[in-house]
Amino acid sequence: MPVVGTSMPRKDALDKLRGVAKYIDDYSFSDILHVVTVRSQHAYGRLIKIDKSAAEKMPGVVGVITAEQVPGKNAVPLVFDDEPFLAEGYVRFHGEPVALVVAETLEQAQEAAGHVRVEIEPLKPVLGIREAIAPDAPRIYKDDNIFSRYNVCKGNAEEAMKKAVHIFEQEYETPYQEHAYLETNGVIAVPGLEDSMTVYGSMQCPFYVHDAVAAAAGIDRNKARVVQTTTGGGFGGKEDFPSVVAGQATIVAKLFNRPAKLIYKREEDIIASSKRHPGLIKMKVGTDERGKIVAALIDYYVDGGAYSTLTPIVLWRGTVHALGPYECENIHVRSYGVATNKVPCGAYRGFGSPQVIFAGESMIDEIAVALKVDPLEIRRLNGYKLGSKTATGQVLDQSCGLMETIDKARERSQWAAKWQDPADRKGNVRRGVGISSVYYGVGLGAGGKHLDRVGTSMTIMKDGSVHCAIGNVEMGQGARTVLAQIAADALGAPFDLVNVVETDTNMVPDSGPTVASRTTFMSGNSLMLAAAELRPRLLQVAADMLGAASPAEVELIDGQAFLIKDPKGQKIGFKELAAKLYAYRLMPSAFGWFIAPDSSYDKETGQGNAYFVYSYCTNIAEVEVDMETGEFKVIRITSAHDMGKAINPQQVEGQIEGGTLQGLGYATMEEIRHDANGRMLNNAFATYILPTTEDTPEIDPIIVEHPYDRGPYGAKGFGEVPLMGVAPAISNAIYNATGVRIRRLPIKPEKILGLED
Ligand code: MTE
Ligand code: MOS
């Protein structure tokens, strides 16, 4: 039986459950050094002097490293390369790495870190979007505090707005979100012979880390090697940040020619690593009398923090997706990545779109309420169907399951029975339902298309087991299992014999990042290409063994080869085939190299085929609110997804459950607070409140399959989508229960009672 489409057990489950999986902190090397980071205690300032003398005399300390000692280039390679590994001249956020204390033990390094004297002349920091874009704002980045800006312009939104029957205008704000992966950032850098450097660590983009290791050590890439260790969650937070940690460990390993271990404590991970960008969205939408959108003007700002890091890429995705999955002939989106003196923000599941989704899905709900239309029907009216045109003018010519996600979610959530005008709801405890619809471009899209390729190296071993080295990582999302299913079916091998291993930059060329829900589609396709090369060799061997005249007469499924005309006759097992393959001296390896289908983007207008394909989702949330106290509970979330094809339905459901809970946290509790000097106040799990199992609502996952013809077995990719539309669905449900509209996340009882904005 083929395994694609069935819920095969996870390859990594048992080791993780038993607690024997090894995370980076579980590793050691002889002669290892321990590294602790000294951080800026100011949000902005001139770096006057770093006095290392006291720290250097402390027991066990072998050195204190500062910027001028970086052997290679003191810049984290990413997009604009403006972030240093160690601060130089200025510090630009509270918590920025200033020095590295290196000692024989972790305790000694920690002890000594308190004795490094950092003298900073404080400057007035810029701490928020509105502050940074004010005309009289201090200039902290170039002459306008803007890292990057984009434009999506179709038709004439200003003119069309004048003709609209109804016009709606609102501002929405979204907060930071901390990834809260179970495993904090950490790496070990191990120097080798002839100037080489190997870095092991927790990460989702080994090839970005590879760039950082080569840059920090000042060595060629063929001397740098990065091996991903079992990674306890990434969620986008380990896209850019491991490059910082790995670069720093590399610097130490290089300078002392000894292995160097740098593992973050939770508190410093929260202070210093990337977060979801806070967003400010100004929306003006014009409709006809029925609520069909005819014009949209959207200004989207994100708080990028002190360095540009991934802001340009995150912003581009949000710009393209700004209106959500709705037809509109006249749209103008302008977006700005804003510099502030706070931690640099980066990728987090959804990548710049949950912010605009909250705005757009709240707005369309507000339109429905004002025009007295069922919020679900207004989405059916405006939503993308096969043949619709996106904001960038792209025609959705296949695999567009949005309407089916709406219809399935409606049915399963009993929307019709539950939705009611809030004015008609009575009593102190009230229920309400809310809906959101989402689309999501799979892969890096036109903005990052030069990186959208993936390699696979596949080898059939002598014993019939199959080894697949891939360019994307497993970080908990189930990639190793799902890809093994694809490889097994494509090759005709039994699932149990296929091993997809963690990424090692020595085994595959730079395959881009593991982000943007691209793994199933991209690595899946590259595995299929490799399998397509190996399979004819297996069939040739099988034909010989079965006495067939040609390989065309042979079938190979699930590890069994047989004559097509005699399916009940002689069978040859995969192990026998493999042994013969070697005896025949046929090449047992193949390399798959997959390039993403084309996408395009016009710099001036933002028009083009922004992404090669989109996934779709509809969430319906049901909430219960105590009108007296404002306390509320999310009772149920129905979550319907079109991901093309569910390669492993159980993994799909797992992604929906996990993503939904993260979305619930974003909607209702997560928030980072700073004091007036830009110091983060809640950098611990005791104060940064996350949803737990106690807060988990009933989650009803629904799989909708509209296959994509370029996808492996029709799959698109959807790992991020489950989080993305949860916040507006809950917020719209709160409105439906109470008549109170929340335009600034997170939703809190105080806001429902009108005691807080
Ligand atoms: N699921 C788990 N368990 N752990 C993770 O770190 N990351 C999410 C999502 N689901 C993540 C996860 C993010 S941000 C992305 S981009 C996708 O998985 C990446 O995986 P995929 O390409 O296989 O969909
Ligand atoms: Mo996911 S935010 O694209 O790593």
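Residues numbered from 1 in each chain as written. Chains lettered and ligands numbered in written order. Predicted model: local features only at pLDDT ≥ 70, side-chain atom pairs only at ≥ 80, totals over all residues. Heavy atoms only, no water.

Draft legend 1. Summary view of the domain arrangement of the chain. With domains assigned, the chain is organised as domain 1 (23-123 + 192-264), domain 2 (279-446 + 602-752) and domain 3 (453-595). A C-alpha centroid distance of 37 Å is found between domain 1 and domain 2. With 17 residues of domain 1 in contact, the opposing surface of domain 2 contributes 21 residues. Both sides of the domain 1 and domain 2 interface together cover about 1600 Å² of buried area, and 62% of this is carbon and sulfur. For domain 1, the biggest contributors to the area lost against domain 2 are Arg92, Phe93 and Phe235; these three give 31% of the whole. The interface formed by domain 1 and domain 2 holds 0 salt bridges in total. For the interface between domain 1 and domain 2, the tally reads 4 residue pairs in polar contact (both at pLDDT 80 or more). A class-by-class count of the residues in the side of domain 1 that touches domain 2 yields 8 nonpolar, 3 polar and 6 charged. (Domains from an automatic or database assignment. Contact = heavy atoms within 4.5 Å. Buried area = accessible area lost by both parts, 1.4 Å probe. Salt bridge = Lys/Arg side-chain N within 4 Å of Asp/Glu carboxyl O. Polar contact = N/O pair within 3.5 Å; in protein donor to acceptor, adjacent residues only side chain to side chain. Nonpolar A, V, L, I, M, F, W, Y, C, P; charged D, E, K, R; others polar.)

Draft legend 2. Highlighting the site of ligand 1. Ligand 1 sits among 16 residues. The nearest are Gly234, Phe235, Gly476, Thr519 and Gln655. In this structure, Phe235 approaches ligand 1 through a main-chain N or O atom, which is 2.9 Å from an oxygen atom. In the environment of ligand 1, a nitrogen atom lies 3.2 Å from a nitrogen or oxygen atom belonging to the backbone of Met475. Within the complex, the protein chains bury 92% of what would otherwise be the 520 Å² of accessible surface of ligand 1. Grouping the amino acids of the shell around ligand 1 by side-chain chemistry returns 4 nonpolar, 9 polar and 3 charged. (Near = heavy atom within 4 Å. Areas by Shrake-Rupley, 256 points an atom, 1.4 Å probe, with all protein chains shown as cover.)

Draft legend 3. Structural view of the pattern of salt bridges. According to the stated counting rule, one finds 47 salt bridges in the structure shown. A salt bridge links Glu671 to Lys748; the shortest N-O distance between them is 3.4 Å. One end of the pair, Glu671, is in the loop between helix 17 (649-668) and strand 26 (698-704); the other, Lys748, is in the loop between helix 19 (726-738) and helix 20 (749-752), with 77 residues separating them in the sequence. Judged by relative accessible area, Lys748 falls into the buried class, the value being 17%. Sharing partners across several salt bridges, the network here consists of Lys418, Arg431, Glu622, Glu624, Arg636 and Glu698. (Helix = DSSP H or I, 4+ residues; strand = E, 2+ residues; numbered from the N terminus. Buried < 20%, exposed > 50% of the residue type's maximum accessible area, 1.4 Å probe, protein only.)

Draft legend 4. Looking closely at the packing of aromatic side chains. For the coordinates displayed, the defined rule picks out 18 aromatic pairs. Summarising the aromatic geometry, the rings of Trp415 and Trp419 are spaced 6.3 Å apart at their centres and angled 10 degrees between planes, so their arrangement reads as stacked. Their ring planes at 25 degrees and their centres at 5.6 Å tell us that Phe521 and Tyr708 sit as a pair that is stacked. Remark: Tyr708 occurs in the loop between strand 26 and helix 18 (721-724) and Phe521 occurs in helix 15 (residues 519-546); sequence separation between them is 187 residues. The exposure classification of Phe521 matches that of Tyr708, with both residues buried. Clustering of aromatic rings is evident, with ring pairs tying together Trp316, Tyr384, Tyr439, Tyr601, Tyr611 and Tyr614. Seen from the ring of Tyr27, Lys22 lies directly overhead, with NZ or CZ sitting 4.6 Å from the centre. We note Arg276 situated over the ring of Tyr348; from NZ or CZ to the ring centre the distance is 4.3 Å. (Phe/Tyr/Trp six-rings, centres within 6.5 Å; stacked < 30°, edge-to-face > 60°. Lys NZ or Arg CZ within 6 Å of the ring centre and 35° of its normal.)

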